[in-house]
Amino acid sequence: MTLAEKLKSARENAGYSQSQVAERLNISRQAVSRWENGRAYPDIDNLVVLSEIYKVYKVIIAVCFVINLINVGVLIKSFGSVFAEWL
């Protein structure tokens, strides 16, 4: 499953429309669509917010490590005990 597919699946499982997610992130619905179609990727700040919206912390943390976009200090600050429990 690609990142785009995982983002779409997580959004649908959380019960949100693309428009609702876009509103929470203060971006366009088209940007969310581009992420879910693999034509663009969310930046790290949006990945953190998406993980909170979708409640998929472990998946987003793993993706961040794989693509080397985040450091451990930011993870701990952003996710606190959720990250600590996962380690």
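Residues numbered from 1 in each chain as written. Predicted model: local features only at pLDDT ≥ 70, side-chain atom pairs only at ≥ 80, totals over all residues. Heavy atoms only, no water.

## Side note on the packing of helix α1 (residues 3-14) against helix α4 (residues 44-54)
- Viewed as axis vectors pointing N to C, α1 and α4 meet at an angle of 35°, and their least axial separation amounts to 9 Å. Packed against α1, whose contacting residues are L7, A10, R11 and A14, the element α4 presents L50, I53 and Y54 at the interface.
- Looking at the contact of α1 with α4 residue by residue, the class counts come to six nonpolar, no polar and one charged. (Axes fitted to C-alpha atoms, helices over the stretch in contact; angles between N-to-C directions. Helix = DSSP H or I, 4+ residues; strand = E, 2+ residues; numbered from the N terminus. Contact = heavy atoms within 4.5 Å. Nonpolar A, V, L, I, M, F, W, Y, C, P; charged D, E, K, R; others polar.)

## What about the confidence of the model for the protein?
- Taken over all residues, the pLDDT of the protein has a mean of 79, while the share at 70 or more is 64%.
- Taken element by element, the protein is modelled with least confidence in helix α7 (residues 81-86), mean pLDDT 50, and with most confidence in helix α2 (residues 18-25), mean pLDDT 97.
- Across residues 83-87, confidence stays below pLDDT 50; counting only partners more than four residues off in sequence or on other chains, it has nine contacts. (pLDDT = per-residue confidence, 0-100.)

## Some thoughts on the packing of α2 against α4
- Contact geometry for α2 and α4: axes closest at 11 Å, N-to-C directions at 125°. Compared by their axis directions, α2 and α4 come out oblique. In terms of crossing hand, the pair formed by α2 and α4 is right-handed. Taking contact as the criterion, the partners of V21, R24 and L25 in α2 are, on α4, N46, V49, L50, I53 and Y54.
- A class-by-class count of the residues in the contact of α2 with α4 yields six nonpolar, one polar and one charged. (Parallel < 35°, antiparallel > 145°, perpendicular 65-115°, else oblique. Left-handed = near helix turned anticlockwise from the far one by under 90°.)

## Examining the environment of K55
- Mapped onto the elements, K55 comes out in the loop between α4 and α5 (57-66).
- Note: C-alpha distance between K55 and A10 (45 residues apart in sequence) is 8.4 Å.
- A polar contact of 3.3 Å, which involves the side chain of K55, links it to the backbone oxygen of E52. (Polar contact = N/O pair within 3.5 Å; in protein donor to acceptor, adjacent residues only side chain to side chain.)

## Quick notes on the nonpolar core
- Ranked by size, the top nonpolar core spans 10 residues in total: L7, A10, V21, A22, L25, V32, W35, L50, I53 and Y54.
- Where this core is concerned, the elements lending two or more residues are α1, α2, α3 (29-36) and α4.
- Leave out the neighbours within four places in its chain, and A22 touches I27, S28, R29 and V32. (Core = buried A, V, L, I, M, F, W, Y, C linked by side-chain atoms within 4.5 Å. Buried < 20%, exposed > 50% of the residue type's maximum accessible area, 1.4 Å probe, protein only.)

## Some words on unusual backbone geometry
- Of note, the phi angle at N26 is positive, near 60°, even though the residue is not glycine.
- Using a relative accessible area of 71% as the deciding quantity, one classes N26 as exposed.

## Details of the side chain of R11
- Examined against the element boundaries, R11 turns out to sit in helix α1.
- When neighbours within four sequence positions are excluded, R11 is seen to be in contact with Y16, S17, Q18, V21, E36 and Y54.

## As for α2
- When α2 is considered as a whole, its buried residues turn out to be Q18, V21, A22 and L25. For α2, the arc enclosing every buried residue in end-on projection is 100°, short of the 170-degree limit, so these residues lie on one face. Of the exposed residues in α2, those oriented more than 90 degrees away from the buried face are E23 and R24.
- On its buried face, α2 is in contact with α1, α3 and α4.
- Positive phi appears at N26, one or two residues downstream of α2, with a value of about 60°. (Arc of directions from axis to C-beta.)

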